[in-house]
Amino acid sequence: FQGIFVLGLPYALLHSGYSGLLLIVLAAALCCYTGKILIACLYEENEDGQLIRERDTYEDIANACCKKLSPNLGGIVVNVTQVVELIMTCILYLVVSGNLLSHSFPYVPVTEKTWSLIAFVTLLPCIFIRTLKIVSKLSQLCSLVHFVIIFVVLTYCLTQMHEWSWAKFRLSLEFEDFLVSVGVIIFSYTSQIFLPTLEGNMKNPGEFRCMLNWTHFFACILKTTFALTAFLTWGEKTKEVITNNLPSFLETLVNLCLLTKALLSYPLPFFAATEIVYSCISKDNHSNYRSPLLALTVRGSFLLLTLLMAMFTPHFALLMGLSGSVTGAAMTFLLPSLFHLKLKWKKLSILEKCADISVFILGLLCSLAGIVCSIKGLLEVFG
């Protein structure tokens, strides 16, 4: 729940003001709710009224909802959305890597895009990752580095408490900037694609709802605390990646730690995306799926795609807002509420139906508005 993209939350507060604090809390509550209803879609009651886990993945839920139209239509939609979200995450890691390197070595006559290319070279070994074991070890190191970064930033902000002022919060908001902030906040909470697997591997799946409540509660507290203290420290000078606001003696150190985290984080979404593609290919042609040449081709293509997108879209917050508005909103709000209504309609109370419909409508509006505003912002940057 606490990824590298939490570093964009202070910038989101810059454009959303007091409403941004409410959004962080509201997003946590809604994501927790949709996580619960998504897991509920994995289960069906047997003749004795006991809940039996009949589905294992997000794809299975989607296929069950769309089986009258097409047996695999729902799964295709979910898989495409998941792959897009994972690839966008990889792109963001490259974008932020170039940004961090350019700020860490400002006197080196190299552009941010070139720095992204240099970071990309270090990721080429990802082509040869075949198992999750290697990825898990990298993720453990990544988590350790992340806590160090957050600790340093918060410690510095607390030393500047004497300069804090609530007057830094904006009362009047630019609607388009506000919607981009919505996408950033949503993207920082997205985790639904991992929940079915997580619940299925829990020692006591019955404790899943309790676990979800506590993790979202603590994630909300940590995100709010971090975003608030950082914004109160720098106010209108808050940058897209908050570590770039640190004084030079800390900025280089923290940015290099953050760069390490970004590069260590990249293999997980990259591996997950390629695994989804592999599983789809294996259904159609099992022999080709086992081909080492095909595996290298797919991984190489994915690597190249993330590099090209990072080179053409070198703006962390706008890209993060677009990702949150498109795939984040779909996987987190739209699909879980839609699937829950479809599979559980007859068993839901009126209040539960209203809650699902409200989440769907809210997610749809935020998604459409965020897409338009993020794309407009990107077009203005390119112009």
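Residues numbered from 1 in each chain as written. Predicted model: local features only at pLDDT ≥ 70, side-chain atom pairs only at ≥ 80, totals over all residues. Heavy atoms only, no water.

Caption draft 1: Up close: the packing of helix α6 (residues 132-159) against helix α9 (residues 208-234). One can describe the packing of α6 onto α9 by two numbers: an axis separation of 9 Å at closest approach and a directional angle of 45°. One finds that α6 runs oblique with respect to α9. Here α6 and α9 pass one another in a crossing that is left-handed. For the pair formed by α6 and α9, the contact residues are I150, V153, L154, Y156 and C157 on the first element and T225, F226, T229, A230, T233 and W234 on the second. Classifying every residue of the contact of α6 with α9 gives eight nonpolar, three polar and no charged. (Axes fitted to C-alpha atoms, helices over the stretch in contact; angles between N-to-C directions. Helix = DSSP H or I, 4+ residues; strand = E, 2+ residues; numbered from the N terminus. Parallel < 35°, antiparallel > 145°, perpendicular 65-115°, else oblique. Left-handed = near helix turned anticlockwise from the far one by under 90°. Contact = heavy atoms within 4.5 Å. Nonpolar A, V, L, I, M, F, W, Y, C, P; charged D, E, K, R; others polar.)

Caption draft 2: Molecular detail of the state of the cysteines. This model, assessed by the stated rule, comprises zero disulfides. Unpaired in terms of disulfides, C41 finds its nearest cysteine sulfur in C65, a separation of 6.2 Å. (Disulfide = S-S within 2.5 Å.)

Caption draft 3: Structural view of a positive patch on the surface. Taken together, the side chains of K67, K68, K342 and K346 make up a positively charged region of the molecular surface. By the secondary structure assignment, K346 is in the loop between α14 (316-344) and α15 (350-382). (Patch = residues over 30% accessible without salt bridge, like charges linked within 9 Å, V, L, I, M, F, W, Y side chains within 5 Å. Areas by Shrake-Rupley, 256 points an atom, 1.4 Å probe, with all protein chains shown as cover. Salt bridge = Lys/Arg side-chain N within 4 Å of Asp/Glu carboxyl O. Lys, Arg positive; Asp, Glu negative; His and termini not counted. Charge placed at Lys NZ, Arg CZ, Asp CG, Glu CD.)

Caption draft 4: Geometry of the nonpolar core. Membership of the largest hydrophobic core comes to 101 residues, with the highest contact counts inside it found for L94, I185, Y189, Y266, F302 and F339. Considering each element in turn, this core owes the most residues, 13 residues, to helix α4 (residues 73-104). Among all residues touching Y266, those that are not within four sequence positions of it are C90, Y93, L94, L123, C126, L303 and T306. (Core = buried A, V, L, I, M, F, W, Y, C linked by side-chain atoms within 4.5 Å. Buried < 20%, exposed > 50% of the residue type's maximum accessible area, 1.4 Å probe, protein only.)

Caption draft 5: A look at the pattern of salt bridges. This structure, assessed with the given rule, holds four salt bridges. When the shortest N-O distance is used, the salt bridge between R53 and D56 registers 3.0 Å. Where R53 meets E199, a salt bridge forms, and the shortest distance between an N and an O atom there is 2.9 Å. One end of the pair, R53, is in strand β2 (residues 51-53); the other, E199, is in helix α8 (residues 195-200), and 146 residues separate them in sequence. We classify R53 as partly exposed; its relative accessible area is 26%. A relative accessible area of 2% places E199 in the buried class. What you see here is one network of salt bridges that share partners, running through E44, R55 and K344.

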